[in-house]
Amino acid sequence: MLLLQDALGLLRRPRATLARIDGRRGGGHGLTGICLSATLPALVAELAALGPYSGPSGLGAPPREIRLLSEAFFRWLYQERFLLPLVDLLLGAALWLLAVALIHWVARRLGSRGSFSGYLGLCGPIAAIGAVAVPVSLVEAGLRAAGQAAVADALSPLVSSLGLLAFAWQNVLLVIAAARHYSLSQDRAITVVIVPAAAVAVVLFAVVITGTVLLVMALGSTG
């Protein structure tokens, strides 16, 4: 209940809420928020996996090789539909913890004071804000499970928009939280958050590209 109260407060009065909870929320509170932010979308994805197979659409008339590769990729996604949400859950929670650890490390390198558990306690409610798109995602998943793919596709842009807005607001809150918890100026707080975020993004991009190349090679060899 505290986590929900904190997350709602960060949506309405972010600075006042961070001032209220700073030093009063420990690492356990932060871990709960991060785990919740990763678990809820995974549960929704598992529900969506109950829906019937849906192949690629809107490709027009691509070359035969691209069409076969696309069909193989979508079939692979369908075959692994119950496993992939679990991978996303673990990866999402790990990236949040990595980001918090890097932000703390950079902040301390700048000579600031503040504890890892204290900042983690602030990041839990920030991470929980990502669940704002879960209700709409749940409706979309239910429609897909019921075979209403066309209606579900109409909701997809709304889910994506809510996810992007939540992500942007989370990054703003990470800066405000870092400035308060580590007693940093706004410019330094932006640096403390942006540098680790860029590092994590580069690593994640490299992992995605490598995984995509390996997957394309595997699908090409079996096609």
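Refer to the preceding data block for the structure.
Attention in this report is confined to the structure presented alongside it. None of these values were measured; they are calculated from a predicted model.

## What to know about the overall build of the protein chain
Looking only at helices and strands, the protein chain features nine helices and zero strands. Across the protein chain, helices and strands are ordered from the amino to the carboxyl terminus as α-α-α-α-α-α-α-α-α. Scored against the burial criterion, the 223 residues of the protein chain give a buried share of 33%. Counting contacts in the protein chain only where the partners sit at least 6 residues apart, residues at least 24 apart contribute 74% of the total. In the form shown here, the protein chain has an accessible surface area of approximately 12,600 Å², with 69% of it arising from carbon and sulfur atoms.

## Brief notes about unusual backbone geometry
Positive phi, close to 55°, is recorded for serine 183, a residue that is not glycine. Within the fold, serine 183 resides in the loop between α8 (149-181) and α9 (186-222). Serine 183 sits in the exposed class, given a relative accessible area of 65%.

## Structural notes on the environment of leucine 36
Of note, leucine 36 is situated in helix α3 (residues 27-48). A relative accessible area of 36% means that leucine 36 is categorised as partly exposed. For leucine 36 and glycine 124, which are 88 residues apart along the polypeptide, the C-alpha to C-alpha distance reads 8.8 Å.

## Observations concerning a nonpolar patch on the surface
A contiguous nonpolar surface patch, about 450 Å² in accessible area, is contributed by Met1, Leu4, Leu8 and Leu11. Position of leucine 8 relative to the elements: it lies in helix α1 (residues 2-12). By relative accessible area, which is 38% here, leucine 8 ends up partly exposed.

## Notes on the packing of aromatic side chains
Any two aromatic rings considered together are summarised by their centre-to-centre distance and by the angle between their planes. This model, assessed by the stated rule, comprises one aromatic pair. Centroid distance tyrosine 119 to tyrosine 182: 5.3 Å. Interplanar angle 45°. Geometry classified as tilted. Placement of the pair is tyrosine 119 in helix α6 (residues 116-128) and tyrosine 182 in the loop between α8 and α9, with a sequence separation of 63 residues. Overall, tyrosine 182 belongs to the buried group, its relative accessible area being 1%.

## A short note on the nonpolar core
Of all hydrophobic cores here, the largest spans 34 residues; its most connected members are Leu18, Trp96, Tyr119, Ile126, Leu174 and Val193. Mapped onto this core, the elements with two or more residues apiece are α1, α2 (14-21), α3, α5 (84-109), α6, α8 and α9. Take this core: its biggest share by element is eight residues, from α8. When sequence neighbours within four positions are dropped, the list of residues in contact with tyrosine 119 reads Val100, Ile103, Leu174, Ala177, Ala178, His181, Tyr182 and Val193.

## Describing α6
End to end, α6 covers 18 Å across 13 residues, agreeing with the expected 18 Å (1.5 Å per residue, within 8%). In terms of burial, α6 is a largely internal element, eleven of the 13 residues being buried. Of all the positions in α6, only Gly118, Tyr119, Leu120, Gly121, Leu122, Cys123, Gly124, Pro125, Ile126, Ala127 and Ala128 are classed as buried. Of the residues that open α6, the one with a side-chain oxygen 3.0 Å from the backbone nitrogen of glycine 118 is serine 115.

## Here we look at the side chain of arginine 25
Residue placement: arginine 25 occurs in the loop between α2 and α3. Here the side chain of arginine 25 touches aspartate 6 through a polar contact of 2.8 Å, side chain to side chain. Ignoring sequence-local partners within four residues, the contact set of arginine 25 consists of Leu2, Asp6, Arg20, Ser117, Gly118 and Gly121.

## Some words on the side chain of histidine 181
Turning to its location among the elements, histidine 181 is positioned in helix α8. The buried category is assigned to histidine 181, whose relative accessible area is 13%. Polar contacts involving the side chain of histidine 181 include one to the main-chain carbonyl oxygen of serine 115, which spans 3.0 Å. Leaving out residues up to four positions away in the same chain, histidine 181 has contacts with Asp22, Arg113, Gly114, Ser115, Gly118, Tyr119 and Leu122.

The rules we used
- Residues numbered from 1 in each chain as written.
- Predicted model: local features only at pLDDT ≥ 70, side-chain atom pairs only at ≥ 80, totals over all residues.
- Heavy atoms only, no water.
- Helix = DSSP H or I, 4+ residues; strand = E, 2+ residues; numbered from the N terminus.
- Buried < 20%, exposed > 50% of the residue type's maximum accessible area, 1.4 Å probe, protein only.
- Contact = heavy atoms within 4.5 Å.
- Areas by Shrake-Rupley, 256 points an atom, 1.4 Å probe, with all protein chains shown as cover.
- Patch = residues over 30% accessible without salt bridge, like charges linked within 9 Å, V, L, I, M, F, W, Y side chains within 5 Å.
- Salt bridge = Lys/Arg side-chain N within 4 Å of Asp/Glu carboxyl O.
- Phe/Tyr/Trp six-rings, centres within 6.5 Å; stacked < 30°, edge-to-face > 60°.
- Core = buried A, V, L, I, M, F, W, Y, C linked by side-chain atoms within 4.5 Å.
- Expected span 1.5 Å × (residues − 1).
- Polar contact = N/O pair within 3.5 Å; in protein donor to acceptor, adjacent residues only side chain to side chain.

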